[in-house]
Amino acid sequence: EPYLRRDGAASLGVLRAASLVVGLDGCIKAVGQADVIRNQFSEATFERIIDCSGKCVLPGLVDAHTHPVWAGDRVHEFAMKLAGASYMEIHQAGGGIHFTVERTRKATEDELFTSFQHRLERMLRAGSTLVECKSGYGLNLETELKMLRVIERAKKSMEIGISSTYCGAHAVPKGKTAAEATDDIINSHLPKLKELKLSGEIHVNNIDVFCEKGVFDLESTRRILQAGKDIGLQINFHGDELHPMKSAELGAELGARAISHLEEVSDEGIVAMAKAKCAAVLLPTTAYMLRLKQPQARKMLEEGVIIALGSDFNPNAYCFSMPMVMHLACVNMKMSMNEALAAATINAAYALGKSDTHGSLEVGKQGDLLIINSSRWEHLIYQFGGHEALINYVIVKGKVIYENERCEKMSSY
């Protein structure tokens, strides 16, 4: 049974013949040798006991970057991309984010909630127990709030853990300049979010900006992130994806919790992030689908940057599965399996400011775990797209929320 220590390094403890106990409060009460735990809890009564002989218990996976609330898929654009159209060419032709924004503005809150719920259920079946969810397909206050209300509804009604992110600066709305969009966000969107937070209607956790050439420049990004930080939001933004923008340096300076993408990060930016303990959320799906160069995971690891992983689930990168993301991280970004597992659990929790409660199997932490139908945890990464018959149970706060009958019919891998 692998568990991860909280020091952020890929130090992996594997316990054999071990047991784990979760209390009714949803927190882990004990983890260790089975016989010791059997004696310790000999008087206790259990609501449910799961026999994991020949199986493996892992921390629930944490997806540190997703865009899961939208209407209007972009399957038609996939063909254009395959034929060689770049992300920015599609964006400038009114496709990309703008296409999805149009559809999302028209969709009702209930329509958005239903599709969002289905997507979260698919993420859960692939082992994600905590997911970061962004707004950002509204680009006007009304639609951004509609998206954030949908995320809030899921937080209250679903078992999966959610960290919500206001991403109103995901693109510059049609008919506005970047400067006008920046002023609108600072003078109108953020004060409204602060008000809704105080009234208890919407609790947003993070603020995000797409810091990119032709989208939000460094100065606009700085102003928006600082204004978000001033109302108590964690900084967690898109940077250095298509062009080197010095986003990493900015994030380190502002005390950002995490920066995503970083395909074009500078050497100075890497050093600054390591020093500031700012997590790098790497997204191997994006570089793979857009045929960009992969983020320099090895260099970041050597410099001591805390590396997290995310699926970047969105209409441009339609992937729900953190096991597939870990596999791509190992193959395309040259991470080891230990590093990838740490990046998809404890470090991804760190990137969301939740590593004290999530991301590893330790006494006192939330009982979020996976049981896989194999005695070797590496199967979760080794099998590319194999999670549908491999993940046996998904457990959140000690409660089984997904049980996979397929595993019972198959002997362990």
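Analysis parameters
- Residues numbered from 1 in each chain as written.
- Predicted model: local features only at pLDDT ≥ 70, side-chain atom pairs only at ≥ 80, totals over all residues.
- Heavy atoms only, no water.
- Helix = DSSP H or I, 4+ residues; strand = E, 2+ residues; numbered from the N terminus.
- Rg over C-alpha atoms; globule rule 2.2 N^0.38 Å.
- Buried < 20%, exposed > 50% of the residue type's maximum accessible area, 1.4 Å probe, protein only.
- Contact = heavy atoms within 4.5 Å.
- Areas by Shrake-Rupley, 256 points an atom, 1.4 Å probe, with all protein chains shown as cover.
- Lys, Arg positive; Asp, Glu negative; His and termini not counted.
- Charge placed at Lys NZ, Arg CZ, Asp CG, Glu CD.
- Phe/Tyr/Trp six-rings, centres within 6.5 Å; stacked < 30°, edge-to-face > 60°.
- Lys NZ or Arg CZ within 6 Å of the ring centre and 35° of its normal.
- Pairing = 2+ DSSP bridges.
- Axes fitted to C-alpha atoms, helices over the stretch in contact; angles between N-to-C directions.
- Salt bridge = Lys/Arg side-chain N within 4 Å of Asp/Glu carboxyl O.
- Expected span 1.5 Å × (residues − 1).

Novice: I keep staring at the overall build of the chain and nothing clicks. Help me out?
Specialist: Helix and strand counts for the chain come out as 18 helices and 16 strands. Its C-alpha atoms give the chain a radius of gyration of 21 Å, within 12% of the compact-globule value 22 Å for 413 residues. When its C-alpha atoms are laid out on the principal axes, the chain stretches across 65 × 45 × 40 Å. The buried share of the chain, reckoned over its 413 residues, is 58%. In the chain, 69% of the contacts between residues at least 6 apart in sequence involve partners at least 24 apart. Summed over all atoms, the accessible surface of the chain reaches about 16700 Å², with 51% contributed by carbon and sulfur. Seen as two clouds, the 46 positive and the 51 negative side-chain charges of the chain have centres 1 Å apart.

Novice: Which parts of the structure should I look at to understand the packing of aromatic side chains?
Specialist: The relative placement of two aromatic rings is captured by the distance of their centres and the angle of their planes. All told, the structure shown has six aromatic pairs when counted by the stated rule. Centroid distance phenylalanine 313 to tyrosine 318: 4.9 Å. Interplanar angle 75°. Geometry classified as edge-to-face. Residue classification places phenylalanine 313 among the buried positions, given a relative accessible area of 0%. Residue classification places tyrosine 318 among the partly exposed positions, given a relative accessible area of 41%. Consider the rings of tyrosine 318 and phenylalanine 320, whose centres lie 5.3 Å apart with planes at 85°: the pair is edge-to-face. Of the aromatic side chains, those joined through ring pairs into one cluster are Trp70, Phe313, Tyr318 and Phe320. Stacked on the ring of tryptophan 70, the Lys or Arg arginine 119 has its end atom at 3.7 Å from the ring centre.

Novice: It is not clear to me how the sheet that holds strand S5 (residues 56–59) should be interpreted in this structure. Could you clarify?
Specialist: Pairing between sheet strands relies on hydrogen bonds along the backbone, with the strands arranged either parallel or antiparallel. Spatial ordering of the open sheet is given by S5-S14-S15-S16, a layout of four strands whose pairing is antiparallel. Among the strands making up the open sheet, the edge pair consists of S5 and strand S16 (399–403). Adjacent strand axes in the sheet meet at a mean angle of 25° when their direction is disregarded. Here four bridges tie strand S15 (residues 391–396) to S16, and the two strands are oriented antiparallel to one another. Across the sheet, the residue bridging to isoleucine 395 is valine 400, located in S16.

Novice: In this structure, what is going on with the pattern of salt bridges? I would like to understand it.
Specialist: Once their charged atoms are close, side chains differing in charge can pair, the charge on each being opposite to the other. Tallied over the entire structure, the rule returns 21 salt bridges. A salt bridge links lysine 156 to glutamate 152; the shortest N-O distance between them is 3.2 Å. Here glutamate 152 and lysine 156 lie together in helix H6 (residues 141–157), a separation of four residues that amounts to about one turn. Owing to a relative accessible area of 62%, lysine 156 belongs among the exposed residues under this scheme. A salt bridge links glutamate 195 to lysine 192, with the nearest nitrogen and oxygen atoms 3.1 Å apart. Of this pair, glutamate 195 and lysine 192 both sit in helix H7 (residues 178–198), three residues apart, which is roughly one turn of that helix. Residues joined by salt bridges that share partners form a network here, namely Glu102, Arg103 and Lys174.

Novice: Any chance you could explain helix H5 (residues 109–125) here in plain terms?
Specialist: The terminal C-alpha atoms of H5 lie 24 Å apart, and with 17 residues this matches the ideal 24 Å at 1.5 Å per residue to within 8%. What H5 keeps buried is the set Leu112, Phe113, Ser115, Phe116, Arg119, Leu120, Met123 and Leu124. The inward-facing, buried residues of H5 abut helix H4 (97–106), strand S7 (128–134), H6, strand S8 (161–169), S15 and S16.

Purely spatial values, then, with no claim about function.
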